[in-house]
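A structural walkthrough
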Amino acid sequence: MINLFSDTQTRPTPAMRAAMAEAEVGDEQLREDPTVNRLETLVAELLGKEAALFLPSGTMCNLIAVKTHTNPGDMILTERQSHIVRAESAGSAMVSGVLIDPIDGQRGLFTASQVQKAIPPADGIYHPPVTLLCVENTHNYGGGSVWPIDELRAVAEVARAQGLKLHMDGARLFNAVVASGVAADVFASVVDSVWIDLSKGLGCPVGAVLAGTRHFIERARRYKQAFGGGMRQAGIIAAAGVYALEHNISRLAEDHENARLLAEGLAEVPRVRLVDRPQTNIVYFHVDGMDSREFRDLAERHGVRFSAVGAGVRAVTHLDVSRSQVLQAVNIVRRLLA
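In this text the structure is predicted, and so the values were computed from the model without any measurement.

**A short note on unusual backbone geometry**
In this chain, Asn137 is followed by Thr138 through a cis amide linkage whose omega measures -5°. Positionally, Thr138 belongs in the loop between β5 (130-136) and α7 (149-161). Not every positive phi belongs to a glycine, and Ala90 is a case in point at roughly 60°. In this fold, Ala90 is placed in the loop between α4 (83-86) and α5 (91-96). The exposure class of Ala90 is partly exposed, given its relative accessible area of 44%. The backbone of Arg271 shows a phi angle near 80°, a positive value even though the residue is not glycine.

Given below as structure tokens:
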């Protein structure tokens, strides 16, 4: 099976598994796991933040960040197709009691002017206080789009002028780094908090790391415990993250090249319409005359696994997908739609 379903399904390499097997461990809840501590220090350094916190998932990173930055009854701003809105089961509303006011972006990105217009006037009792702006880099449902650093800074300037904090869902931040040439700490310097996912293109089996100021992380640590994110001998999985950050960042360029190759091949297949040319490792397309789930199921029966997202189809390239498999996938789609 050629698995273009998601980069969350990459399998740990033998070298990564060996690092996990040899990991030095301790009680993570007591901050006595040396491998977890090493991972948190490494991420904080890479992102230019004072401290970091190892968590089981990226969704928990967003959940805790929103909780830490806000109070019940606040309003937060984020793009309408963001992961927080579309894929986290309304966790921010349930846990933090916040109202989400979505911004309609272009490929998941919005402008400083849109942020300015989205902030209601401070006229007393009629509007909730807007306290947080969330951005996603790269943007999943925007087709892996990358925030241009100047646009991100412009958005941040408007938000800060209105007293908002900024949080970055950086699940695929290193894809943005490799694609744009902008360093991770430069992107991270624009926001107050940011997290990276270890279980996407970096190829780890589980885990994410949230970063910010020491004060922010100390508050976030309490919510980690409250939400059930505390672990014990977590160095076994943290070791995979350390290995990935030391070995798997630069190779993300291969995933981007394979995504471009896939998009070019699919664009030549009758009935396939690309949504946009990929910037990183995500390709969205439509199949004329066929429901996205119908196409997904048909392709899977013939050896290629895609995901159906609304009316469209998503393909994600990653560590377990080779150039030859991409070409094979294009040929299979061509035969199916001939």
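Still more ground to cover, so stick around.
**Focus on empty space enclosed by the protein**
Taken as a whole and judged by the stated rule, the model has two cavities of 30 Å³ or more. Considered as a void within the structure, the largest cavity measures approximately 40 Å³ in volume. Along its surface, the largest cavity is lined by Ala171, Arg172, Leu173, Phe174, Asn175, Asp197, Lys200, Gly201, Leu202 and Leu252. By residue number, the principal contributor to the lining of the largest cavity is helix α8 (residues 173-180), which donates three residues.

**Concerning the packing of aromatic side chains**
Tallied over the full model, the rule gives five aromatic pairs. Here the aromatic rings of Phe285 and Phe306 are separated by 5.5 Å at their centres, their planes lie at 80°, and the arrangement is edge-to-face. Placement of the pair is Phe285 in strand β10 (residues 282-287) and Phe306 in the loop between β11 (304-305) and β12 (307-309), with a sequence separation of 21 residues. The same class applies to Phe285 as to Phe306, namely buried. Measuring from centroid to centroid gives 5.5 Å for Phe295 and Phe306, while their planes differ by 35°, and the two rings are tilted. Separated by eleven residues along the polypeptide, Phe295 in helix α13 (residues 292-301) and Phe306 in the loop between β11 and β12 bring together distant segments of the chain. Neither residue differs from the other here; Phe295 and Phe306 are each classed as buried. Among the aromatic residues, those joined into a ring-pair cluster are Phe285, Phe295 and Phe306. Geometry around Tyr141 places Arg86 over its ring, the cationic atom sitting 4.0 Å from the centre. Stacked on the ring of Phe5, the Lys or Arg Arg305 has its end atom at 4.2 Å from the ring centre.

**Focus on the pairing of strand β6 (residues 165-170)**
In terms of burial, β6 is largely enclosed, as five of its six residues are buried. In terms of strand pairing, β5 meets β6 through five bridges, oriented parallel. Counted as the bridge partner of Val135 is Met168 from β6. Handedness of the β5-α7-β6 crossover: right-handed. Note that β6 and strand β7 (residues 193-197) share four bridges and pair parallel. Among the inter-strand pairings, Gly170 is bridged to a residue of β7, identified as Ile196.

**Considering the sheet that holds β10**
Within the open sheet, the four strands sit side by side as β9-β10-β13-β12. Their pairing is antiparallel. This sheet does not close on itself; its edge strands, each paired only once, are β9 (272-274) and β12. Going from strand to strand, the sheet's axes swing by 40° on average, the running direction of each strand aside. Sheet analysis places β9 next to β10, joined by three bridges and oriented antiparallel.

**Focus on the nonpolar core**
Counting 59 residues, the largest nonpolar core has Leu133 and Phe187 as the members making the most contacts within it. Listed in part, the 28 residues of the second largest apolar core include Leu262, Val287, Val326 and Leu336.

**Thoughts on helix α2 (residues 34-47)**
Given a rise of 1.5 Å per residue, 14 residues ought to cover 20 Å, and the 20 Å separating the end C-alpha atoms of α2 matches this to within 8%. Among the residues making up α2, those that are buried are Thr35, Val36, Leu39, Glu40, Val43, Ala44 and Leu47. Of the residues that open α2, the one with a side-chain oxygen 3.0 Å from the backbone nitrogen of Thr35 is Asp33. Just downstream of α2, Gly48 is the residue with a positive phi angle, here 70°.

What counts and how
- Residues numbered from 1 in each chain as written.
- Predicted model: local features only at pLDDT ≥ 70, side-chain atom pairs only at ≥ 80, totals over all residues.
- Heavy atoms only, no water.
- Helix = DSSP H or I, 4+ residues; strand = E, 2+ residues; numbered from the N terminus.
- Buried < 20%, exposed > 50% of the residue type's maximum accessible area, 1.4 Å probe, protein only.
- 1 Å grid on protein atoms, 1.4 Å probe; cavity = no way out; pocket = protein on both sides within 12 Å on 5 of 7 lines; lining within 4 Å.
- Points joined across faces, edges and corners; volume = space filled by probe spheres on them.
- Phe/Tyr/Trp six-rings, centres within 6.5 Å; stacked < 30°, edge-to-face > 60°.
- Lys NZ or Arg CZ within 6 Å of the ring centre and 35° of its normal.
- Pairing = 2+ DSSP bridges.
- Right-handed = clockwise from strand over helix to strand, strands pointing away.
- Axes fitted to C-alpha atoms, helices over the stretch in contact; angles between N-to-C directions.
- Core = buried A, V, L, I, M, F, W, Y, C linked by side-chain atoms within 4.5 Å.
- Expected span 1.5 Å × (residues − 1).
- Polar contact = N/O pair within 3.5 Å; in protein donor to acceptor, adjacent residues only side chain to side chain.

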